[in-house]
Amino acid sequence: MPNPCKNYHIIRHETVGSTNDEARLLGEGGAACGTVVVAGEQTRGRGRRGHAWASPRGGLWMSLLVRVKEKKEKTEPGVAPLTIASGVAVAECLADIFSETGLDPARVRLGWPNDVLIEDKKIAGILCETCFSGPAKKPSIVVGIGVNINNRASLFPPPIRDTSISLIELTGVEYSLERALEKTLASLENTLEPLLLGEAERSGEILARWKERAALFGRDVRIQSPGTPPFTAVACDIDSAGRLLVKDAAGRRRAIEFDEASLIR
Ligand code: BTN
């Protein structure tokens with residue numbers, strides 16, 4: 001069966017509020033799976049948990065609209081598996097760019113759930129959001145990806161200035177944004193395919209690839225859940241449902257789903 005998102009339709013903007021908002025509007029209007037919105041800069045870039053996402057010129061700011069194949073006998077993937085899988089796709093793409101530019105690809109690691117980190121500094125972030133279209137309110141998912149390529153994280157405002165990094169700050173030379181986009185789309189296509197085709201049995205492969213790059217295991221993380229006090233725990237593993245397993249101070253194992261788990265530095 002062909003991948004429903006194989007034919008990308010790329011819509012480019014010089015400046016936009018947020019590519020996720022544009023992609024969501026297109027999705028609500030019935031745009032096809034594989035619609036991609038790319039912007040030179042965003043004036044209202046959004047991150048997870050309501051944070052702003054600094055998006056000046058030089059970065060890769062893009063959103064991919066994904067419609068999940070309807071297959072009655074298979075389970076449709078929700079936002080959680082796509083969140084994990086998109087992180088793997090972006091991290092592997094960056095690792096490839098690292099090899100190409102003479103950097104060690106093993107430096108590219110994954111935080112929770114899909115921050116792409118270089119020595120604990122964020123080089124890329126992903127925001128997956130659901131939107132609904134048509135009278136049947138069919139769901140689609142917007143996968144919003146931000147990668148610091150030729151922009152300088154050292155010019156970001158504090159505190160993100162101290163916790164972010166960009167490719168140019170590591171290599172000292174510009175990298176083609178067009179090539180970064182092409183490589184990201186190719187990596188997303190390969191990694192998301194099993195999920196889009198409803199091949200849930202292949203999601204174990206993706207989790208294994210996430211684990212290979214995990215930055216958090218054995219380290220203290222701060223867990224922040226809406227409406228409950230934050231606590232500190234040690235990140236141990238990721239389970240088959242893609243939840244982060246942590247051990248709290250009392251030695252209890254807890255599964256973290258959508259909550260924030262950030263590294264304590
Ligand atoms: C995060 O780590 O908090 C997620 C950041 C996601 C940023 C990207 S940039 C392209 C897309 N448009 C947005 O407004 N956000 C995402």
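Shown above is the structure to which this text applies.
Throughout what follows, the structure given in this document is the object of discussion. Computed from a prediction, not measured in an experiment: that's the story for all the values here.

Each value, and the rule that gives it
- Residues numbered from 1 in each chain as written.
- Predicted model: local features only at pLDDT ≥ 70, side-chain atom pairs only at ≥ 80, totals over all residues.
- Heavy atoms only, no water.
- Near = heavy atom within 4 Å.
- Polar contact = N/O pair within 3.5 Å; in protein donor to acceptor, adjacent residues only side chain to side chain.
- Areas by Shrake-Rupley, 256 points an atom, 1.4 Å probe, with all protein chains shown as cover.
- 1 Å grid on protein atoms, 1.4 Å probe; cavity = no way out; pocket = protein on both sides within 12 Å on 5 of 7 lines; lining within 4 Å.
- Sits in = over half its atoms within 2 Å of the grid points.
- Helix = DSSP H or I, 4+ residues; strand = E, 2+ residues; numbered from the N terminus.
- Nonpolar A, V, L, I, M, F, W, Y, C, P; charged D, E, K, R; others polar.
- Pairing = 2+ DSSP bridges.
- Axes fitted to C-alpha atoms, helices over the stretch in contact; angles between N-to-C directions.
- Contact = heavy atoms within 4.5 Å.
- Disulfide = S-S within 2.5 Å.
- Buried < 20%, exposed > 50% of the residue type's maximum accessible area, 1.4 Å probe, protein only.
- Salt bridge = Lys/Arg side-chain N within 4 Å of Asp/Glu carboxyl O.
- Points joined across faces, edges and corners; volume = space filled by probe spheres on them.
- Arc of directions from axis to C-beta.

**Structural notes on the site of the ligand**
(1) Moving on: The environment of the ligand is made up of 19 residues, and the closest members are S18, Q42, R46, R48 and K122.
(2) Moving on: Within the backbone of R46, an N or O atom sits 2.7 Å from a nitrogen atom of the ligand.
(3) Moving on: Between an oxygen atom of the ligand and a main-chain N or O atom of R48, the distance comes to 2.7 Å.
(4) Moving on: Contact with the protein chains hides 98% of the accessible area of the ligand, taken as 420 Å² for the molecule alone.
(5) Moving on: Of the pockets mapped on this structure, the ligand occupies the largest pocket.
(6) Moving on: Of all elements in the fold, only helix 1 (19-28), strand 3 (60-67), strand 6 (121-133) and strand 7 (138-147) reach the threshold of two or more residues within the shell around the ligand.
(7) Moving on: Looking at the shell around the ligand element by element, the count peaks at 4 residues for strand 6.
(8) Moving on: When grouped by side-chain class, the residues that make up the shell around the ligand number 5 nonpolar, 10 polar and 4 charged.

**Quick look at the sheet that holds strand 3**
(1) Moving on: Sheet architecture is open: 7 strands sit in the order 1-2-3-7-6-5-4, paired in mixed fashion. Looking along the sheet, the strands with just one partner apiece sit at the ends: strand 1 (9-16) and strand 4 (108-110). The mean inter-strand angle of the sheet, taken between neighbouring strand axes irrespective of direction, is 20 degrees.
(2) Moving on: Alignment of strand 3 against strand 7, held across 8 bridges, turns out to be antiparallel. Note that in strand 7 the partner of L60 across the bridge is V147.
(3) Moving on: Seen against the sheet, helix 5 (residues 177-196) touches strand 1, strand 2 (35-42), strand 3 and strand 7 and runs at an angle of roughly 25 degrees to strand 3.

**Some words on the state of the cysteines**
(1) Moving on: Within the structure shown, the criterion is met by 0 disulfides.
(2) Moving on: Of the cysteine sulfurs around C131, a residue in no disulfide, the closest is that of C33, at 11 Å.
(3) Moving on: C131 gets classed as buried once you look at its relative accessible area, which sits at 1%.

**Topic: the pattern of salt bridges**
(1) Moving on: Using the criterion set out here, one finds 18 salt bridges in the structure.
(2) Moving on: Salt-bridge contacts for E92 lead to R209; the nearest nitrogen and oxygen are separated by 2.9 Å. Here E92 is found in helix 2 (residues 79-100), whereas its partner R209 is found in helix 6 (residues 203-212), with 117 residues between them in sequence.
(3) Moving on: A salt bridge links R254 to D248; the nearest nitrogen and oxygen atoms lie 3.1 Å apart.

**Quick look at the sheet that holds strand 8 (residues 220-224)**
(1) Moving on: In space, the 5 strands of this open sheet follow the order 11-10-9-8-12, with antiparallel pairing throughout. Either end of the sheet is taken by a strand with one partner, and the two such strands are strand 11 (253-256) and strand 12 (260-263). Sheet twist, expressed as the mean angle between neighbouring strand axes with direction ignored, is 45 degrees.
(2) Moving on: Sheet topology places strand 10 (residues 244-248) next to strand 11; 4 bridges connect them, and they run antiparallel. Paired with L245 across the bridge in strand 11 is A255.

**Quick notes on the side chain of S166**
(1) Moving on: Position of S166 among the secondary structure elements: in the loop between helix 3 (160-163) and helix 4 (167-171).
(2) Moving on: The exposure class assigned to S166 is buried, which follows from its relative accessible area of 0%.
(3) Moving on: Apart from the residues lying within four places of it in its own chain, the contact partners of S166 are I123, N148, I149, N151, R152 and A153.

**What about empty space enclosed by the protein?**
Picture a little ball the size of a water molecule; that probe, rolled over the atoms, points out where space is still empty.
(1) Moving on: Throughout the structure, instances matching the rule amount to 2 cavities of 30 Å³ or more.
(2) Moving on: The volume enclosed by the largest cavity comes to roughly 50 Å³.
(3) Moving on: Lining the largest cavity, in full, are L60, V90, C93, L94, I97, V147, I149, A180 and T184.
(4) Moving on: Elements that contribute at least two residues to the lining of the largest cavity include exactly helix 2 and helix 5.
(5) Moving on: In terms of residue count, helix 2 provides more of the lining of the largest cavity than any other element does, 4 residues in total.
(6) Moving on: By residue class, the composition of the lining of the largest cavity is 8 nonpolar, 1 polar and no charged.

**So, helix 1**
(1) Moving on: Buried within helix 1 we find T19, N20, A23 and G27. Angular distribution of buried residues about the axis of helix 1 spans 100 degrees; they occupy a single face of the element.
(2) Moving on: Where helix 1 is buried, its residues touch strand 1, strand 2, strand 3, strand 6 and strand 7.
(3) Moving on: For helix 1, the N-terminal cap is S18; the gap from its side-chain oxygen to the backbone nitrogen of N20 is 3.2 Å.
(4) Moving on: Trailing helix 1 by a residue or two, G30 shows a phi angle of about 95 degrees, which is positive.

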